[in-house]
Amino acid sequence: MSTKILIPALVMAAVTASAGPLLAAGEEIYQIERGFKLIPAIIMVALLCVYIGVGFISKVSETSGYWVAGRGIGKLGNGAAIAADWMSAASFMGVAGLLYLKGWFGLGYIIGWTGGYVLLLCLLAAQIRRFGKYTIPEFLGDRYDSHGVRLIAAAVTVLIAITYSTAQFKGIGLISGWIFGMSYTASVFFAAGVVCAYMLISGMAGVTRNQQIQYVVLISAFLVPLWILIRNAGGAGILPQLEYGAIIGDLMQGKTAAGQLTGDDLARVRQDYLPWGNGNFYQFIALVFTLMVGTAGLPHIMIRFYTVKNEDVARKSVLWGLFFIGLLYWSSPVYAALGKFWNPLGGTAVADVIILSAPERAGLGIAFIGYLASGAMAAGLSTVAGLLVAGASAVAHDWYATIFRPDCSDRQALLVGRIFTGALCLIVVIVALNPPALIAQIVAMAFAIAGNTIFPACVLGIWYSKANKYGALAGMSFGLGMTLIAMIGWIMEVPFFGPGGILPATSSALIVCPLAFLINILVSNATDDRVSNESADRSDQVIRKLHNMPGGAIEEPAPRKELHPMA
Amino acid sequence: MGQSGRRADVNFFNPSTASMKKEVSIARTILVFWFALSYGIPLVIWLAGLGNPYGASFLTETRFLGFPLHYWLIAQGCTIGYILLCKLYCVLWDKKTIIPRSERSGRDVY
């Protein structure tokens, strides 16, 4: 297949393309007041101290602690951790920005990113917990009994971590720029310093505990300003998540804070809130589908299911996680609608910072905006932390400790993990200096990668015992190749892969994902007799374990030592 | 060992054991609702708005809780629906695990 030859060339092209100047980032003109802001800076520094402090108290001395944080997290705690991992700068700032810019069409991001959890729950969550090892590459590698599959999965995990983190760094950069009055470039480096210090000190044991604290900080920061904002917009201030409906109804009639819109302006705002004003039916469905399969195939979300006590907790933590995420997604359209109300005709320049720009225009008060900004920062930080761990563990655990040096000690694997965390961080910084799209769009591309490679391989691995290593290799290479082609096409501004094209980089899974399924099934059937008996027996053991069938090796992994806070 | 007949046979569309059948039937129930929410609602909005280039229709004119109906259906209808689906999944699963053993064998579970 020609895609196999194309991949190395494409990766090269991606690296060179992303290094070039694409879009001047940080050109967003949103500040009423520029320069250093003391009160938000104090709030922010206090928050960062809390995060690093918590990380410091729970230092890590054992590899298993670094990867999945012991195995004793309950359904509420794990739900909050899922939500905190999830609530990134993309959902915090990016979704509000897209809803502001694209109106109704932007809602595709909301249902895509919530509906995916239903897929995850029905098809994957409990089974992955039953398997009970550390990482997704490990799961795929064992199930298909192939180092090739393990390597592709590890590469995909790293690629997702880079793409997704880029979006977070853009968000973190915009926020620190707002608070400290730094240039965008300086704030990206600042953010990198904070992330690295935090990650390297604490490892994931710290991250997990933090993520529950971070969720609370984050959701309160996001919700509290809404009550004040909705009152300033003329609402009753009881339940903003319902009251903004009337504002949207009014906006469709052209009523804004500045008075009645007329003529072209009215037509433009009205069009934003009509279903197909910013994209057609196909583009909407393609986007929703891509985000859903991507959500269900995202390694750093799936890794959460290894950290719970049993599969019952795994199921219930999806429910809680989705509810916690729902709180955010019922609220981000409020920011977008209020942004429209005060600034109906702002363009791309204000979109990614609408959650700061709308409150500024509404006169929210600097302390509240500072708290909101700190929340967005926390969202970005916690996501980056989870991603870098998933990426570093893909390299240290799945490549180094499994394939390259199977006899290495725990300490060596931990060291490789730390070095690679730093390396990943560096790559992300370089890409984040010239981000290729809006925050939520960059994130959507990471979802396309996950949905086209990991999701089909995991679903078939669990639910189709005939799927074998050759099928998985073919399907995953095809999915990865097509996604990379679409991403490069988007960056090169090829219309076919652009926002209005047939195969947009943000929405490629509607076409590519079913094909990846098909290729895996067809190739598996064609190569059925090429799999050796020993290999098929090893896959069989894994399948039996996934479905609690008799005959599988039913060994619970050794219980992890409880990490002592002062160890 | 080595006979393919002795290996586990797993196929989502043709589950082999009683417990897997139950699992699959729960997953299918949820997926049907999931599909209806995710793609059925946009389809209805699309069909209703065929006469207008931007999809304006009675759905965009009707108000529900103050929202234009087409907006509420996606922004809150679908998301609330997903959470209820996850709840339903957990409930169905809990019910499955307390069914007495005698009822779990045989073909009636599908």
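Residues numbered from 1 in each chain as written. Chains lettered and ligands numbered in written order. Predicted model: local features only at pLDDT ≥ 70, side-chain atom pairs only at ≥ 80, totals over all residues.

Quick word on the overall build of chain B
1) Next: Scanning chain B for helices and strands turns up 4 helices and 2 strands.
2) Next: Ordered by position from the N terminus, the helices and strands of chain B form the series α-α-β-β-α-α.
3) Next: Across chain B, the fraction of contacts at a sequence separation of at least 24, relative to all contacts at a separation of at least 6, is 54%. (Helix = DSSP H or I, 4+ residues; strand = E, 2+ residues; numbered from the N terminus. Contact = placed C-beta atoms within 7 Å.)

Section: the overall build of chain A
1) Next: Per the secondary structure count, chain A includes 24 helices and 2 strands.
2) Next: Taking all 567 residues of chain A together, the buried fraction comes to 62%.
3) Next: Contacts in chain A between residues at least 24 apart in sequence constitute 83% of all its contacts with a sequence separation of at least 6. (Buried ≥ 20, exposed ≤ 12 C-beta atoms within 10 Å, placed from the backbone.)

A word on the confidence of the model for chain A
Residue and element names in this part refer to chain A.
1) Next: Per-residue confidence for chain A gives a mean pLDDT of 78; residues scoring 70 or more make up 83%.
2) Next: At the low end of the mean pLDDT range in chain A sits helix α1 (residues 2-19), at 40; at the high end sits helix α23 (residues 509-526), at 93.
3) Next: In the model, residues 204-208 has pLDDT below 50 throughout and makes 22 contacts with residues more than four positions away in sequence or in other chains.
4) Next: Note that residues 554-567 has pLDDT below 50 and, in this model, 18 contacts with residues that lie over four places away or in other chains. (pLDDT = per-residue confidence, 0-100.)

Looking at helix α15 (residues 332-342) of chain A
1) Next: Judged by how many residues are buried, α15(A) sits mostly within the fold: 11 of 11 residues are covered.
2) Next: Of all the residues in α15(A), the buried ones are Ser332(A), Pro333(A), Val334(A), Tyr335(A), Ala336(A), Ala337(A), Leu338(A), Gly339(A), Lys340(A), Phe341(A) and Trp342(A).

Some words on the interface of chain A and chain B
1) Next: Facing 50 residues of chain A, the contacting portion of chain B comprises 46 residues.
2) Next: Secondary-structure elements contributing two or more residues to the side of chain A that touches chain B are α6 (107-131), α10 (240-252), α11 (263-273), α12 (281-296), α14 (311-329) and α24 (533-546) of chain A.
3) Next: Counting residues per element, the side of chain A that touches chain B draws most heavily on α6(A), at 10 residues.
4) Next: Looking at side-chain class alone, the side of chain A that touches chain B contains 34 nonpolar, 11 polar and 5 charged residues. (Nonpolar A, V, L, I, M, F, W, Y, C, P; charged D, E, K, R; others polar.)

Quick word on helix α4 (residues 75-86) of chain A
1) Next: Between its first and last C-alpha atoms α4(A) spans 16 Å; for 12 residues at 1.5 Å apiece the expected length is 16 Å, and the two agree.
2) Next: All of the buried residues in α4(A) are Lys75(A), Gly77(A), Asn78(A), Gly79(A), Ala80(A), Ala81(A), Ile82(A), Ala83(A), Ala84(A), Asp85(A) and Trp86(A). (Expected span 1.5 Å × (residues − 1).)

Quick notes on unusual backbone geometry
1) Next: Phi is positive for Asp145(A), close to 45°, though the residue is something other than glycine.
2) Next: The backbone phi angle of Leu65(B) is positive, close to 55°, even though this residue is not glycine.
3) Next: The residue Leu65(B) is located in the loop between β1 (63-64) and β2 (67-68) in this model.
4) Next: Residue Leu65(B) is classed as exposed on the basis of its C-beta count, with 11 C-beta atoms lying within 10 Å.

A few points about the confidence of the model for chain B
1) Next: Averaged over all residues, the pLDDT of chain B equals 80, while 84% of them reach at least 70.
2) Next: Long-range and interchain partners of residues 102-110 of chain B, a stretch whose pLDDT sits below 50, account for 10 contacts in this model, where long-range means more than four residues apart.

A few points about the packing of helix α7 (residues 136-143) of chain A against helix α18 (residues 366-404) of chain A
Residue and element names in this part refer to chain A.
1) Next: Put simply, α7 and α18 touch, their axes get as near as 9 Å, and they point 35° apart. Contact with α7, carried on its side by Pro137, Glu138 and Gly141, involves Ala394, His397 and Asp398 of α18 and no other residues of that element.
2) Next: Along the lines of polarity and charge, the residues of the contact of α7 with α18 split into 2 nonpolar, 2 polar and 2 charged. (Axes fitted to C-alpha atoms, helices over the stretch in contact; angles between N-to-C directions.)

Considerations on the environment of Tyr71(B)
1) Next: Along the chain, Tyr71(B) falls in helix α3 (residues 69-98).
2) Next: Given 28 C-beta atoms within a 10 Å radius, Tyr71(B) is considered buried.
3) Next: Separated by 25 residues in the primary sequence, Tyr71(B) and Trp46(B) have C-alpha atoms spaced 13 Å apart.
4) Next: Apart from the residues lying within four places of it in its own chain, the contact partners of Tyr71(B) are Trp104(A), Ile248(A) and Tyr273(A).

Structural notes on the packing of α6(A) against α14(A)
Residues and elements named next belong to chain A.
1) Next: The N-to-C vectors of α6 and α14 enclose an angle of 170°; their axes lie 9 Å apart at closest approach. With respect to each other, α6 and α14 are oriented roughly antiparallel. Facing α6, whose interface residues are Ile110, Thr114, Tyr117, Leu120, Leu121, Ala125, Ala126, Arg129 and Arg130, α14 presents Glu311, Ala314, Arg315, Val318, Gly321, Leu322, Ile325, Gly326 and Tyr329. (Parallel < 35°, antiparallel > 145°, perpendicular 65-115°, else oblique.)

A short note on the environment of Trp113(A)
Residue and element names in this part refer to chain A.
1) Next: As for its placement among the helices and strands, Trp113 is situated in helix α6.
2) Next: The buried category is assigned to Trp113, around which 27 C-beta atoms lie within 10 Å.
3) Next: In this structure, the C-alpha to C-alpha distance between Trp113 and Val288, residues 175 residues apart in sequence, is 8.0 Å.

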